[in-house]
Amino acid sequence: MKVGIFRGGCLTGPSHSGVELHGFLSYLVKVTLSGGKYSVFGYKGKQVRDNIHSHDVVRAIEEFAANPRLGEVYNLGGGRGNSISMLEAIERIEHMTGRKLDWRYVDEARKGDHICYISNLGKFQGHYPKWKVTRGLETILEEIIASQRGQLTHT
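Residues numbered from 1 in each chain as written. Predicted model: local features only at pLDDT ≥ 70, side-chain atom pairs only at ≥ 80, totals over all residues. Heavy atoms only, no water.

Peer 1: I tried to follow the packing of helix 3 (residues 86–97) against helix 5 (residues 137–153) on my own but got confused; where do I start?
Peer 2: Two quantities define a packed helix pair, namely the angle between the axes and the distance from one axis to the other. In contact at an axis separation of 11 Å, helix 3 and helix 5 are set at 55 degrees when each is read in the N-to-C sense. Comparing their axes, helix 5 and helix 3 come out oblique. By crossing handedness, the relation of helix 3 to helix 5 is classed as right-handed. Here Arg92, Ile93, Met96 and Thr97 of helix 3 come into contact with helix 5, specifically with Leu137, Glu138, Leu141, Glu142, Ile145 and Arg149. (Axes fitted to C-alpha atoms, helices over the stretch in contact; angles between N-to-C directions. Helix = DSSP H or I, 4+ residues; strand = E, 2+ residues; numbered from the N terminus. Parallel < 35°, antiparallel > 145°, perpendicular 65-115°, else oblique. Left-handed = near helix turned anticlockwise from the far one by under 90°. Contact = heavy atoms within 4.5 Å.)

Peer 1: Quick question: what am I supposed to make of the layout of surface pockets here?
Peer 2: Over the atoms, a rolled probe matching the size of one water molecule traces out where space is still vacant. The volume enclosed by the largest pocket comes to roughly 450 Å³. Lining of the largest pocket is provided by 25 residues; of these, Cys10, Leu21, Phe24, Arg49 and Arg110 occupy positions nearest its centre. Among the elements that line the lining of the largest pocket, the one with the most residues is strand 3 (residues 37–41), at 4 residues. Residues of the lining of the largest pocket, tallied by class, amount to 10 nonpolar, 10 polar and 5 charged. (1 Å grid on protein atoms, 1.4 Å probe; cavity = no way out; pocket = protein on both sides within 12 Å on 5 of 7 lines; lining within 4 Å. Points joined across faces, edges and corners; volume = space filled by probe spheres on them. Nonpolar A, V, L, I, M, F, W, Y, C, P; charged D, E, K, R; others polar.)

Peer 1: In this structure, what is going on with the packing of aromatic side chains? I would like to understand it.
Peer 2: Tallied over the full model, the rule gives 10 aromatic pairs. Measuring from centroid to centroid gives 5.7 Å for Tyr27 and Tyr38, while their planes differ by 40 degrees, and the two rings are tilted. Here Tyr27 is found in helix 1 (residues 24–34), whereas its partner Tyr38 is found in strand 3, with 11 residues between them in sequence. Seen from their ring centres, Tyr74 and Tyr128 are 6.2 Å apart, and the 75 degrees between their planes marks the pair as edge-to-face. (Phe/Tyr/Trp six-rings, centres within 6.5 Å; stacked < 30°, edge-to-face > 60°.)

Peer 1: Looking at this model, I keep getting lost on the pairing of strand 4 (residues 48–53). Mind explaining?
Peer 2: Where a strand is regular, its side chains alternate between the two sheet faces. Burial of strand 4 is extensive: 6 of the 6 residues sit out of reach of the surface. Note that strand 2 (residues 10–12) and strand 4 share 3 bridges and pair parallel. Paired with Thr12 across the strands is His53, a residue of strand 4. In the sheet, strand 4 pairs with strand 6 (residues 83–85) via 3 bridges, with the strands oriented antiparallel. Residue pairing in the sheet places Asp50 in a bridge with Ser83 of strand 6. (Buried < 20%, exposed > 50% of the residue type's maximum accessible area, 1.4 Å probe, protein only. Pairing = 2+ DSSP bridges.)

Peer 1: Can you walk me through helix 2 (residues 54–66) in this structure?
Peer 2: Note that an α-helix has 3.6 residues per turn; residues three or four places apart therefore point the same way. Taking 1.5 Å per residue as the helical rise, helix 2 with its 13 residues ought to reach 18 Å, and the 18 Å between its terminal C-alpha atoms agrees with that figure. Those residues of helix 2 that fall on the buried side of the exposure criterion are Asp56, Val57, Ala60, Glu63 and Phe64. Down the axis of helix 2, the sector holding all buried residues measures 125 degrees, keeping them to one side. For helix 2, the exposed residues lying more than 90 degrees away from the buried face are Ala65 and Ala66. Taken together, the buried residues of helix 2 touch strand 1 (4–8), strand 2, strand 4, strand 5 (72–76) and helix 4 (122–127). (Expected span 1.5 Å × (residues − 1). Arc of directions from axis to C-beta.)

Peer 1: How should I be thinking about the packing of helix 1 against helix 3 in this particular structure?
Peer 2: Interhelical geometry of helix 1 versus helix 3 gives an angle of 45 degrees and a closest axis separation of 10 Å. Classified by the angle between their axes, helix 1 and helix 3 sit oblique to one another. Handedness of the crossing formed by helix 1 with helix 3: right-handed. Contact residues: Phe24, Leu25, Leu28, Val29, Thr32 and Leu33 in helix 1; Met86, Ala89, Ile90, Ile93 and Thr97 in helix 3. For the contact of helix 1 with helix 3, the residue count by class is 9 nonpolar, 2 polar and no charged.

Peer 1: What's the story with the pattern of salt bridges in this structure? I'm lost.
Peer 2: Pairing is possible between side chains of opposite charge, provided their charged atoms come close. Counted according to the given criterion, the structure contains 9 salt bridges. The partner of Arg59 in a salt bridge is Glu62, and the shortest N-O contact between them spans 2.9 Å. Within this pair, Arg59 and its partner Glu62 are both found in helix 2, separated by 3 residues, close to a single helical turn. We classify Arg59 as partly exposed; its relative accessible area is 26%. (Salt bridge = Lys/Arg side-chain N within 4 Å of Asp/Glu carboxyl O.)

Limitation: the analysis is restricted to geometry and does not speak to function.
Here it is as structure tokens:
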């Protein structure tokens, strides 16, 4: 069958509705801007995730749909260029928003969590050379910050 399975990294974008245990960049921005408290769970805050913008996810699916392959499985994330640790994300978001995050460290990691995940995009890019990650981490964060600021002014 011409079917593809996509194993997603941290899929995100300006409309992402992150919560404490899912959607870490959008939730981190939301808490920073709203003045709430944030918890970092385990690994001394050094856990790393790669982040991919929803636009790039849709483009990958479009490429696959235009030329589907038989029973393929692909990793789909932001790759090394869009990877960031929890502590780095906190620092960058504080800098970009001009707000200090009130956060605490919880020594116990979340069940099933992993220290580092960075997607290897080589297989998908080899099969679909027209596709690439077009939204970098800075753009992703700028869009999430703008969206969260807009939501806060409408509440």
